[in-house]
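As a plain string of letters, each chain reads:
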Number of protein chains: 2
Amino acid sequence: MQVSSISSILKGTPESGQKVRVQGWIRTRRDSKAGLSFLAVHDGSCFDPIQVVVESSIEHYESQVLKLTTGCSVDIEGELKPSEGKGQSVEILASRLEVVGWVDDPETYPMSPKRHTFEYLREHAHLRPRTNVSGAVARVRNCLAHAIHRFFYEREFLYVHTPLITASDCEGAGELFRVSTLDMQNLPRNDKGAVDYSKDFFGEETFLTVSGQLNVESYCQSMSRVYTFGPTFRAENSNTSRHLAEFWMVEPEIAFADLSDCADLAEEMLKYVFKAVLEERADDMAFFAQRVDKEAISRLESIINASFVRVDYTDAIRILEECGEKFEFPVSWGIDMASEHERYLAEKHFKKPVIVMNYPKDIKAFYMRQNDDGKTVAAMDILAPGIGEIVGGSQREERLDRLDQRMDEMDIPKEHLDWYRDLRRYGTVPHGGFGLGFDRLVTYVTGMANIRDVIPFPRTPKNVAF
Amino acid sequence: MQVSSISSILKGTPESGQKVRVQGWIRTRRDSKAGLSFLAVHDGSCFDPIQVVVESSIEHYESQVLKLTTGCSVDIEGELKPSEGKGQSVEILASRLEVVGWVDDPETYPMSPKRHTFEYLREHAHLRPRTNVSGAVARVRNCLAHAIHRFFYEREFLYVHTPLITASDCEGAGELFRVSTLDMQNLPRNDKGAVDYSKDFFGEETFLTVSGQLNVESYCQSMSRVYTFGPTFRAENSNTSRHLAEFWMVEPEIAFADLSDCADLAEEMLKYVFKAVLEERADDMAFFAQRVDKEAISRLESIINASFVRVDYTDAIRILEECGEKFEFPVSWGIDMASEHERYLAEKHFKKPVIVMNYPKDIKAFYMRQNDDGKTVAAMDILAPGIGEIVGGSQREERLDRLDQRMDEMDIPKEHLDWYRDLRRYGTVPHGGFGLGFDRLVTYVTGMANIRDVIPFPRTPKNVAF
């Protein structure tokens, strides 16, 4: 007999009165004095489990049903009936129940149905998707990823797979993971005693990428609208609740566009994916609002309905200087804003998402377009209440002479980026884009406090378990 | 004025008679004696460029229009009119033309409108999306990626981001890239003189993953239907037209499923994505059929309409032994089939896709489910005419004692995979899945001969350019 997902049953297919078959895992079992057992069975397809009523007359009731514990896997057939309990519309009256897999030593089962700390769940990352909270995170994460792909597909963007292994260090950031196949016990050396990377797999020194942007710009310069969505890496020794060494990033890039177009795109995209998650994952979002962060839903609703404020960096600094608030880090024109400044702007001053535009060139990357004032570049950050920076982007410098000048000033060797300079040599166009840290987006949407709890197997300093 | 994509114009929006604005790049320019110029303008949104007719009365005709060369970027407004030329329905009669970016020294422009070899295009990977062929590949690749995500989304699969950096070597394959932040000039060593990885970023030796399967199995064991779609890595020194060091892989995993369910899923998925590409990228596919591989379309059509043959490995070997064909590599029970054997089965014997099932356990991975015959495991490969193996999968060993026995036999240290063994300890279920090399799929669909031409920036031995 055809198996139905619990999600489809709770949505009304098949209908009450029909025979159904479900396969999943026991969340809880409760036995009544009347000789009935009530099983909550989940299969991952939605937040709610389905209630299965098992009468003592069923085969193996005593030997199996009464021994079921949290985590056992089962295959059940029965009739779908209107439920008498509250909070659920239907339940299954079982006619057949097969235990597919038992739980070894239920007393020590790590995912017992009590409340666990997030630290504990992280240490059991291979089992935590069995819990309400990690299951809900997984479904919301999936929904957001699909919404992002759909948003771009509907707008004729091309998904471009930019490389992960690279010989160039895009941002000049320096915090890179090296990729190598050299024998570490016996490194080849050149005649100066330095490691001889010409003997390495790629014939030169290679790293994991920190961004696909430079590569995707080359596709933008002929396909017009493109984006990447893939893993990026930072070998930063940051043990915080906001940093991962390996994280997923979304980077759209649009041609014939200025900074304001990039801001429009980011605003439209954020609203689109927030709307999608509220519609498609109402069950999980209700759970987050109830158990994790009261404002999980209202925060997204207010963003969907708000027009993002746009403010020049220079004006934002003036607001911070004049606001009378005590900040840990002093404010003056030229600073790279700290989280406290960003949150003050979004949460206290404007009380909605803010797009700060035109930052000082000295704190920004070489490829950002120079404004006519000689001091700023066409960069933007989107600051959202409750999290601070969620998107960072810029218009790119499309004028070869200005790009070269900036590379010289910042000591960026041109020979490695000749191909990038070619894009300005041949049919250059104004263009720009932004980066969205996908894992941070998931923390923002769910209200989860730690980014390590929204990615299946987090990679952080000294931690590469599983 | 609102900009329209060339794709939407050619599909009929806006309609003939209306004003339009397009932005893109010149593919060719042709001047008539009557004092008109015909420009072919592309913007990446579809295969065909749009024809723009420019009369000599337009501003800057002599100083700019007559100097336009391939690759220049332009911004054009005009009226959409029925075209008199054949092969196109509409053209634009320009009322305004702005040159956004010129081509430096058109004589040496690397993407001149003549035919280039694929080797040459590969050396100019940053500019090749401007060509017909690489543009068509980019659109088909995008379409296939979206079709895969859509296929799984519609079937309630969760997209799971499994880790790229890992401490475990899933397949025992050995051909791994090391990931490290240790100072190569000054490696820390322990008291035995060995490299001290406890000082490395993650506190132990780490590598780039060869598969997300083991990790995604943990999500399968509570979410029921899951998949990964991300980059994987092989440090194999294979300089062939079929191998990349960095490639994208799709790996679904389903619970409560046996090998036959995995085969069903793979067959359904392949047919779904082939249908999608024929429908959504008819323009690009027509180009591939015309210029790259005559059978590009018919091959996909015949697969969509065929029922895949399923044959036991043992029977497949017998067919090969008895067929009378001369093979380079001898055939006998127990061999890992070579490409020539796989292609014989798919192309000559069955003349359609073949799913070979139940391979000898000695040539397969430790996690595959052992069959009752004691000799084979529940593994499958899908062999397709024209390419050979396109999908490889298996049912996984869900019985802890059998898994342990196989790990012992194959000398796989259990302590690293305790978490994986836990999945069999707690509510285990029969489950399985497969891996699809996404880049190979793109070569198969387009008929492109070399896998390096279907990924934007290929990584292969001694090659990490761009």
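Residues numbered from 1 in each chain as written. Chains lettered and ligands numbered in written order. Predicted model: local features only at pLDDT ≥ 70, side-chain atom pairs only at ≥ 80, totals over all residues. Heavy atoms only, no water.

Labelled according to an unreviewed UniProt entry, chain A appears under the name Asparagine--tRNA ligase, originating from Biformimicrobium ophioploci. Quoted verbatim from the Subunit (unreviewed entry) field of UniProt, the annotation for chain A is "Homodimer." What the UniProt record of chain A gives under Catalytic activity (unreviewed entry) is the line "tRNA(Asn) + L-asparagine + ATP = L-asparaginyl-tRNA(Asn) + AMP + diphosphate + H(+)". (UniProt positions renumbered as here; feature names shortened; annotations may be inferred.)

**Q** Tell me about the overall build of chain A, residues and numbers included.
**A** Regarding its fold elements, chain A presents 12 helices and 16 strands. Based on the C-alpha atoms only, the size of chain A along its principal axes is roughly 85 × 60 × 45 Å. In chain A, which comprises 466 residues, the share counted as buried stands at 61%. If you take every contact in chain A between residues at least 6 apart in sequence, the share linking residues at least 24 apart comes to 66%. Separation of charge centres in chain A, based on 56 positive and 73 negative side chains, amounts to 4 Å. (Helix = DSSP H or I, 4+ residues; strand = E, 2+ residues; numbered from the N terminus. Buried < 20%, exposed > 50% of the residue type's maximum accessible area, 1.4 Å probe, protein only. Contact = heavy atoms within 4.5 Å. Lys, Arg positive; Asp, Glu negative; His and termini not counted. Charge placed at Lys NZ, Arg CZ, Asp CG, Glu CD.)

**Q** Please give an account of the interface of chain A and chain B that cites residues and values.
**A** Residue-level contacts link 115 residues of chain A with 115 residues of chain B. Carbon and sulfur atoms make up 62% of the area that chain A and chain B hide from each other, which totals about 9200 Å². A per-residue breakdown of the area chain A buries against chain B is headed by A:His161, A:Met184 and A:Tyr426, which together make up 9% of the total. Where chain A meets chain B, there are 0 salt bridges. Linking chain A with chain B are 50 residue pairs in polar contact (both at pLDDT 80 or more). Broken down by element, the residue count for the side of chain A that touches chain B peaks at 10 residues, all from helix α3 (residues 132–154) of chain A. Classifying every residue of the side of chain A that touches chain B by side-chain character gives 57 nonpolar, 38 polar and 20 charged. (Buried area = accessible area lost by both parts, 1.4 Å probe. Salt bridge = Lys/Arg side-chain N within 4 Å of Asp/Glu carboxyl O. Polar contact = N/O pair within 3.5 Å; in protein donor to acceptor, adjacent residues only side chain to side chain. Nonpolar A, V, L, I, M, F, W, Y, C, P; charged D, E, K, R; others polar.)

**Q** Talk me through the sheet that holds strand β9 (residues 206–208) of chain A; I want residue IDs and the actual numbers.
**A** Reading across from one edge, β7(A)-β9(A)-β8(A)-β8(B)-β9(B)-β7(B) is the order of the 6 strands in this open sheet, with antiparallel pairing throughout. Looking at which strands have only one partner, the edges of the open sheet turn out to be β7 (165–166) of chain A together with β7 (165–166) of chain B. By the bridge criterion, 2 bridges tie β7(A) to β9(A) in an arrangement that is antiparallel. From the neighbouring strand, A:Thr166 faces β9(A), where its bridge partner is A:Phe207. (Pairing = 2+ DSSP bridges.)

**Q** How would you summarise the relation of the copies chain A and chain B if you had to cite specific residues and measurements?
**A** Overlaying chain A on chain B yields an RMSD of 0.0 Å, the required transformation being a rotation through 180 degrees with an accompanying axial translation of 0.0 Å. As the rotation angle and translation indicate, the two copies are arranged about a two-fold axis. Minimal C-alpha distance to the rotation axis in chain A is attained by A:Val179, lying at 2.5 Å. Of all interface residues in chain A, 100% are interface residues in chain B too; the two copies therefore contact each other through one and the same surface. (Least-squares fit on C-alpha atoms with pLDDT ≥ 70 in both.)

**Q** Give me the lowdown on the pairing of strand β10 (residues 225–233) of chain A, citing residues and values where you can.
**A** Residues and elements named next belong to chain A. Most of β10 sits out of view: 8 of its 9 residues are buried. Two strands pair when backbone bridges link them, and strand β6 (residues 158–159) and β10 are joined in this way by 2 bridges, in the parallel orientation. Opposite Tyr 159, over in β10, you have Tyr 227 as the bridge partner.

**Q** For the packing of helix α8 (residues 313–322) of chain B against helix α9 (residues 339–349) of chain B, give the residues involved together with the corresponding values.
**A** Residue and element names in this part refer to chain B. The contact between α8 and α9 brings their axes to 11 Å, and the two run at 80 degrees. As summarised for this structure, α8 and α9 are arranged roughly perpendicular, according to the angle between their axes. Each of Ala 316, Ile 319 and Leu 320 in α8 lies in contact with α9, whose residues at this interface are His 341, Tyr 344, Leu 345 and His 349. The residue inventory of the contact of α8 with α9, partitioned by class, reads 5 nonpolar, 2 polar and no charged. (Axes fitted to C-alpha atoms, helices over the stretch in contact; angles between N-to-C directions. Parallel < 35°, antiparallel > 145°, perpendicular 65-115°, else oblique.)

**Q** Can you break down the environment of B:Tyr444 residue by residue, with the values?
**A** All names here are of chain B. Tracing the chain through its elements places Tyr 444 in helix α12 (residues 438–446). When the C-alpha atoms of Tyr 444 and Leu 300 are compared, they prove to be 9.1 Å apart, with 144 residues separating the residues in sequence. Residues in contact with Tyr 444, not counting those within four places in the same chain, are Phe 274, Arg 299, Leu 300, Ile 303, Ala 384, Pro 385, Gly 386, Ile 387 and Ile 390. Only 2.9 Å separates the side chain of Tyr 444 from the backbone oxygen of Pro 385, close enough to count as a polar contact.

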